[in-house]
Amino acid sequence: MFPHLKLPRCFSFTASIDWFYRHSFAIAGLRSVITDLGDGDGTSMHCWVPKIHKPFKPSLLLIHGFGANAMWQYGEHLRHFTSRFNVYVPDLVFFGNSSTSSLERTESFQAACVIKLMQAHGVGKTSIVGISYGGFVGYNMAVQCPGMVERLVLCGAGVCLEEKDMEDGLFIVSDLEEASSILLPQTPHKLKELLRYSFFKPTKGVPSFFLTDFINVMCTNYVEEKREMIQEILTDRKLSSLPKITQPTLIIWGEQDQIFPLELGYRLKRHIGKQGQLVIIQKAGHAVNLEKPKEFAKHLKSFLCDSLWSPPSSPTWKDHIHFHIKNKVN
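In this report, we go over the structure that sits alongside the text. Quantities reported herein were computed from a predicted structural model and do not represent experimental measurements. (Residues numbered from 1 in each chain as written. Predicted model: local features only at pLDDT ≥ 70, side-chain atom pairs only at ≥ 80, totals over all residues. Heavy atoms only, no water.)

Describing unusual backbone geometry
Moving on, step 1. In this structure, Ser-132 takes a positive phi of about 55° despite not being glycine.
Moving on, step 2. The residue Ser-132 is located in the loop between β5 (126–131) and α4 (133–144) in this model.
Moving on, step 3. Unlike most non-glycine residues, Asp-236 shows phi in positive territory, near 55°.
Moving on, step 4. Relative to the helices and strands, Asp-236 is located in the loop between α9 (223–234) and β7 (249–254).
Moving on, step 5. With a relative accessible area of 62%, Asp-236 lands in the exposed category. (Helix = DSSP H or I, 4+ residues; strand = E, 2+ residues; numbered from the N terminus. Buried < 20%, exposed > 50% of the residue type's maximum accessible area, 1.4 Å probe, protein only.)

So, in structure tokens, the structure goes:
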């Protein structure tokens with residue numbers, strides 16, 4: 001039924017959900033900010049940041065993967081952390097309202113941009129949660145700026161994949177062109193494929209009309225740049241070249257992940273060693289954060305919050321003076 005009809009945003013089901021998430025982020029105490037990184041390439045990044053940064057709270061950075069914007073990927077989980085952390089939720093470059101004129105497409109470049117973004121907001125140390133591609137970026141941040149990253153959560157992040165894995169048949173797709181057509185769906189058929197591969201039990205019977213609406217709102221910007229990013233993920237990638245990290249790391253994987261098979265989770269655990277712990281969530285696919293939100297949040301809270309920090313009943317005047325003196329010295 002009218003598969004190519006493009007609805008005005010005021011009548012768009014997808015745009016309405018996006019508005020709801022935007023409203024919920026604001027209610028949670030965050031505000032939408034675009035920051036110019038001043039790197040000479042016109043790089044600017046959009047980020048949800050605390051309306052009031054509270055110096056007696058630790059910071060938490062939530063990094064999204066491919067797909068809908070950051071709000072859609074973390075909207076279910078934000079409420080678990082805003083009372084305990086200063087929460088930051090950026091859009092990576094070429095997603096949402098983040099952009100650059102740079103020709104760089106690597107996760108290393110993305111990590112450097114997020115590091116600059118955090119520094120611009122005065123964040124010296126933070127824990128990180130990275131979903132899928134966001135995990136690639138988070139891992140790179142831990143390598144580039146180890147003093148900034150306190151704890152790291154990698155969810156379905158195939159950081160340990162190698163270029164030869166494609167030839168060896170580890171993935172459901174046979175080449176990068178097919179992978180790009182699914183990860184960057186431009187037709188309802190391809191979006192259905194993405195849903196089928198991302199979820200253990202994908203929703204069935206979604207009308208093409210709604211799928212087309214989602215594509216028009218979420219999937220039509222920076223398509224070529226994102227294809228180049230997918231190409232960069234795999235090109236000349238070898239596990240032997242992947243630097244080790246030393247931060248405490250929680251690895252979360254859906255048992256039935258078809259995008260990045262569970263073998264990559266075991267491989268990542270071996271690579272990180274004793275500092276890493278692997279949690280496998282049963283009856284879940286790649287989008288474990290959406291498919292099993294309660295279980296996902298439970299593991300995040302256990303790893304990030306337990307014995308980490310207890311909020312004071314109220315900040316004292318000494319806390320404020322110490323914070324301001326520290327800022328002036330730095």
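Concerning the pattern of salt bridges
Moving on, step 1. Tallying each qualifying case throughout the model produces nine salt bridges.
Moving on, step 2. One salt bridge in this structure joins Arg-237 and Glu-107, with 2.8 Å as the shortest N-O distance. With Arg-237 in the loop between α9 and β7 and Glu-107 in helix α3 (residues 107–120), this residue pair connects regions lying 130 residues apart in the sequence. The pair Arg-237 / Glu-107 is uniform in exposure class, with both members buried. (Salt bridge = Lys/Arg side-chain N within 4 Å of Asp/Glu carboxyl O.)

So, the sheet that holds strand β3 (residues 59–63)
Moving on, step 1. One open sheet accounts for eight strands, arranged β1-β2-β4-β3-β5-β6-β7-β8; its pairing is mixed. At either margin of the open sheet sits one strand with a lone partner, and together these are β1 (30–36) and β8 (276–281). If you compare each strand with its neighbour and ignore which way they point, the axes differ by 20° on average.
Moving on, step 2. Relative to strand β6 (residues 149–155), β5 runs parallel, the two being bridged by five bridges. Following the sheet pairing, Val-129 is matched in β6 by Val-153. (Pairing = 2+ DSSP bridges. Axes fitted to C-alpha atoms, helices over the stretch in contact; angles between N-to-C directions.)

Some thoughts on the nonpolar core
Moving on, step 1. Core analysis: the biggest nonpolar cluster contains 98 residues, and Val-89, Met-118, Val-129, Met-141, Ile-252, Leu-268 and Leu-304 have the highest contact counts within it.
Moving on, step 2. Sorting elements by how many residues they give to this core places α3 first, with seven residues.
Moving on, step 3. For Val-89, the residues in contact, after removing those within four places along its chain, are Phe-25, Leu-30, Cys-47, Trp-48, Leu-62, Ala-70, Tyr-74 and Leu-78. (Core = buried A, V, L, I, M, F, W, Y, C linked by side-chain atoms within 4.5 Å. Contact = heavy atoms within 4.5 Å.)

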